[in-house]
Amino acid sequence: MKMLLPWELIILLSLKACLADNTRHGPVFTQEPSDSVFPLNTDDKQVFINCRAKGNPPPHYRWTVNGRAITAESGPNYSLVEGNLLITNPHVVNHRGVYQCIATNTFGTIVSREAKVEFAFLENFSGKPRNTVSVREGQAVVLLCGPPLHYGEIKYSWVFNGQRSFLQQDARRFISQRTGDLYIAKVEASDVGNYTCAVRNMMTNATVFSSPAPVVVRRDAVMGEYEPKIEVQFPDALRVSKGSSVKLECFALGNPVPSISWRRADGNPLPGKIKINHSAGVLEIPYFRPEDAGVYECVAENSRGRNVARGQLLFQNVEHLHWLHTLRDADIAIDAGLQWECKAMGNPRPTYKWLKNGQMLTAEGRARIDAGKLTISRISLLDSGMYQCVAQNEHGSIYASAELKVVASPPDFTLRPVKKSTVVQRGGEAVLECRPRASPRAAISWWRGGQLLMDAERQTIMDDGTLRITNISKADAGRYTCVARNHFGSSSSTGTLVVKEPTRITVPPLSLDVTTGQSLVLPCEVSSDSSLNPKFKWFFNGKAIDFSRQEHFEMIGKGFAGDLMVRNIQLKHSGKYVCMVHTEVDTVSAAAELTVRGPPGAPEGLAVTHITDSTVQLSWGSGPDNHSPVTMYMVQARTPFSIGWQTVATVPDSVPGQMMHATVKGLNPWVDYEFRVVAINSVGVGEPSTRTKQIRTKAAVPKVAPVSVSGGGGARGELVITWEPVSEEHQGGEDFGYVMAFRPVGSSTWIQTVVASPEASSNGEGQFSHVVRVFSAEEEPSEAPSSVWARAASASEIEVHWKRIPPGSSRGKILAYEILFWEDGSRPSEAGRVRIISATTALLSGLKANTAYQISVRAQNSAGFGPGSAAFIVTTKKPPPNRPPENIEWKLTNSKIFLNWEHVKTMENESEVTGYKVVYRQAWNGMTSVLETNKTSVELQIPTGDNYLIEIKALSEGGEGSSGGPVRIPKMSSLNSEGYACPVPLKTCHFMMFFVFSMLVL
């Protein structure tokens, strides 16, 4: 190998340090010039064309116009402001053109995209007078505008007779925005005057006016009527780009003034987005799309005829150039090869050219160019620089830039040393990589213990320098050194090979058959090198089990065991389970199949055929048996009258698992049914099939006879028959009704009647019920109750008594008695009524005090009421006394309370006092005790240690009197105390009682 001189090595290492500095790079554009149109009438008279690039060191800039370099000799109008080009006092001719920016630093040069620069301007009309236009009235005229030189969007208008406003277009007058000409379809006398064409530049906002063109009307004749002549029309074929807006002009001359309309030649309606101006002379299609393409027709029509102009709009799919694959900066080792590819999309298809440092790159020597591909073989330092791929077509060009850095360096293991420790299993394979950084590529050799390693039966040195050793043994363990050399120097790196015993699965999982709901453990135990830490991982049907998200799976065991527990197994757990054990040196695995048997799945495709009044035929397809054959099928049905699904009888009685059809029997006629089928296997009952659509069995004669037939009662001359209605489920058809047969006892002839609609017999009659005996209707009772008497029980109550009517003495069976009562002097029709079922006494309440009442009693049977008894007059008692007992005194001695009060004096209209009622209870308990006495004092025996409430009322024949409110007796344990109740509010009385008590204690 050639040795380098010291000065050569110093130069190359310095170059290496320079190239390795990532902060230094060639220029990259951040802003490029673009096509622009500048107005010339701006106040500052300056134009900026932008260009910026980043780079380290910062780049400097140059510009070209129309391929010529802009230098000091180009004139004082040009100057540079940083990277931007400033044009002062631009001239429309001298400074328009195609500009390019060029950026350069020590790493190379790049050129920007081409930018077309134009200047918007508008020159003045010639001052030359225009000729007079002489026309006949009714004739058409065209006034030419002849606009001056200009650049930029132009708008045309006309001025009539110097008026301040522009001439308005209408159906008779039209201004073409393509030529500026004014068209008058039919001249009138009012059109005589001077016409001036006005041209406005929409970018500079400048407006210029032509000389006036006089129009006069000849008086020698009037133009006759003639058919339309289309004078302004659009091209026969026009290509329109996607998304652009297109305007079509059409105007016709004629007498009478023609009308203009638009249509598509294919008959399709015009798109809704189309705009047509007020005179119909311009049709505009915004946002042009493929469906807008076609032949459009302009129709001009008047009373003398019509004319048609047509043109075709062609959709032009102009796809602007854009990169599909661009360039990236490349750091290439010396003597290596380079291949760059750029690819752009556009319509038409683009062509390519390559630049190096801004100059055209040709395919010669080591460089080859194939369209967008650049290949350079045996890279040298001279190939360093900035490269650009240029894609171009008739619509423009785009540039992609990249920097090529050529690297030259001795071998270096700093970034990629040999792996310090490589651990492999005995009998396995070791791969030791050697990948130093070197330019050019280094020659690799391997050493062990001072011995150079050569290719042998178990060891191979690969082309990339990797050492591969197969069938590893313990003797292969040790230190291995890689030595790398190129003509710039050499370097080495050492690593250690460690040999371990292989891992083996000693207890693998076994394939099993289980039933849903069970739990099991799949074992997985290994033997391995004691220095290794095996890690277990389980897979189910090819996917790793995430134990944090699986409630059915749990890995149990530790160390050299990693068993899998599966709880509450479901059908979805059928499949392949793999236990994978990974160590630092190897990976082993074992698999098992788990078959889960469960109840069968739902039968499929259930269908109903051959429907009769009591049977249907069902057929179905088998569902999944879930690893356990179906032993039988069960058919279930549901009706609007059933509670849920019910198992129904079938033919055969038990449907075997291999049979996919059955006849359902025992159905009710004219009933809506739904059916489903359930499969059964040795594990259990499966899911039901999808239910059928609701079907209705055919109609038939009712099969069920009415039950609970009875009757009797009703109005005179009637025979009432009652029965329990037959449910809708058993009626068997529409217009259901009943046939009633009856005969007098002892007669053999049945009399029949029908209770139903006229069509009830269309299906026939069902069975008759059992024969029962009923009685025809009774007559009202013929006599009144006897021994009727009454007494006043109080001021608001009267007791009434009577004797029953003996059986057989009156017509019919007596069901109840009714008491009628009314105030003496009022009408019996206003009487109150009380109905009594079985007793012969009644208590009338809620009556007025001291009032005479008339009372009558009458009997009732199923036919109605009999005659009432003679009225009995009784007067209620006077009302009880209104005043309560007063001046109540009490004395508590141990467990006794002594009470005294004043006698209640009654008013003349009140009942006399016959005694007193004492009501007492504990304050916290709802249980009440009552004591009646005819004295004004009483002794009560009560337990001590609690509060008591006591209430006293007067008794009289008129009832109980009023109470002055409860008297509270406080808890006093075993002490003696006294109290007094006064007719004042309760709180005041309590105060007085406690005051008396305190006086007694003192």
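Residues numbered from 1 in each chain as written. Predicted model: local features only at pLDDT ≥ 70, side-chain atom pairs only at ≥ 80, totals over all residues. Heavy atoms only, no water.

A. Representation of the packing of aromatic side chains within the structure. Overall, the coordinates contain 16 aromatic pairs when judged by the stated rule. Measuring from ring centre to ring centre gives 6.1 Å for phenylalanine 553 and tyrosine 577, while their planes differ by 65°; the resulting arrangement is edge-to-face. Of this pair, phenylalanine 553 sits in strand β56 (residues 553-556) while tyrosine 577 sits in strand β58 (residues 575-582), and the two are 24 residues apart along the sequence. Measuring from centroid to centroid gives 5.5 Å for tryptophan 901 and tyrosine 916, while their planes differ by 70°, and the two rings are edge-to-face. (Phe/Tyr/Trp six-rings, centres within 6.5 Å; stacked < 30°, edge-to-face > 60°. Helix = DSSP H or I, 4+ residues; strand = E, 2+ residues; numbered from the N terminus.)

B. Highlighting the UniProt feature "domain: Fibronectin type-III" (unreviewed entry) in the protein. UniProt's entry tags residues 602-700, 784-879 and 884-974 with the feature "domain: Fibronectin type-III" (unreviewed entry), counted in the numbering of this structure. With 0% helix and 47% strand, the stretch residues 602-700 has end C-alpha atoms that lie 34 Å from each other. (UniProt positions renumbered as here; feature names shortened; annotations may be inferred.)

C. Highlighting the side chain of histidine 95. In this fold, histidine 95 is placed in the loop between β8 (84-88) and β9 (97-105). Histidine 95 sits in the buried class, given a relative accessible area of 5%. Engagement of the side chain of histidine 95 in a polar contact is seen with the backbone nitrogen of histidine 91, the distance being 2.8 Å. Excluding residues that lie within four positions of it along the chain, histidine 95 makes contacts with Asn77, Tyr78, Ile87, Asn89, Pro90 and Phe119. (Buried < 20%, exposed > 50% of the residue type's maximum accessible area, 1.4 Å probe, protein only. Polar contact = N/O pair within 3.5 Å; in protein donor to acceptor, adjacent residues only side chain to side chain. Contact = heavy atoms within 4.5 Å.)

D. Examining the sheet that holds strand β23 (residues 246-249) more closely. Pairing is antiparallel in the open sheet, where 3 strands are placed in the order β23-β27-β26. Each edge of the open sheet carries a strand with a single partner, namely β23 and β26 (275-276). Of the strand pairs in this sheet, β26 and strand β27 (residues 282-285) are connected by 2 bridges, and their pairing is antiparallel. Each residue of the ladder has a partner; that of lysine 275, found in β27, is glutamate 284. (Pairing = 2+ DSSP bridges.)

E. Up close: the nonpolar core. Among the nonpolar cores identified, the biggest contains 22 residues, and Ile49, Trp63, Leu85 and Tyr99 are the most heavily contacted of them. Elements supplying a minimum of two residues to this core: β3 (46-49), β5 (60-65), β8, β9 and β11 (115-122). Ignoring anything within four residues of it in the chain, the contact list for leucine 85 reads Val47, Phe48, Ile49, Trp63, Ile70, Tyr78, Ser79, Leu80 and Tyr99. (Core = buried A, V, L, I, M, F, W, Y, C linked by side-chain atoms within 4.5 Å.)

F. Highlighting the pairing of strand β75 (residues 798-803). Only one face of β75 is buried, namely the one carrying Ile798, Val800 and Trp802, since none of Glu799, His801 and Lys803 on the opposite face is buried. Sheet topology note: the strand β74 (residues 786-792)/β75 ladder contains 5 bridges and is antiparallel. Looking across to β75, one finds that alanine 792 is bridged to isoleucine 798. Connecting β74 to the antiparallel partner β75 that follows it, the hairpin turn spans 5 residues. When β75 meets strand β78 (residues 841-844), the two strands line up antiparallel, connected through 4 bridges. Looking across to β78, one finds that glutamate 799 is bridged to leucine 843.

G. Broad picture of the side chain of threonine 422. Tracing the backbone shows threonine 422 in strand β41 (residues 421-425). The exposure class of threonine 422 is buried, given its relative accessible area of 9%. Among residues more than four places away in sequence, those in contact with threonine 422 are Leu432, Thr496, Leu497 and Val498.

H. Quick look at a nonpolar patch on the surface. A grouping of Val37, Tyr151 and Met203 is seen on the molecular surface, where their side chains present a nonpolar patch of about 220 Å² in accessible area. Examined against the element boundaries, valine 37 turns out to sit in strand β2 (residues 36-39). Looking at valine 37, the relative accessible area reads 31%, which means it is partly exposed. (Patch = residues over 30% accessible without salt bridge, like charges linked within 9 Å, V, L, I, M, F, W, Y side chains within 5 Å. Areas by Shrake-Rupley, 256 points an atom, 1.4 Å probe, with all protein chains shown as cover. Salt bridge = Lys/Arg side-chain N within 4 Å of Asp/Glu carboxyl O.)

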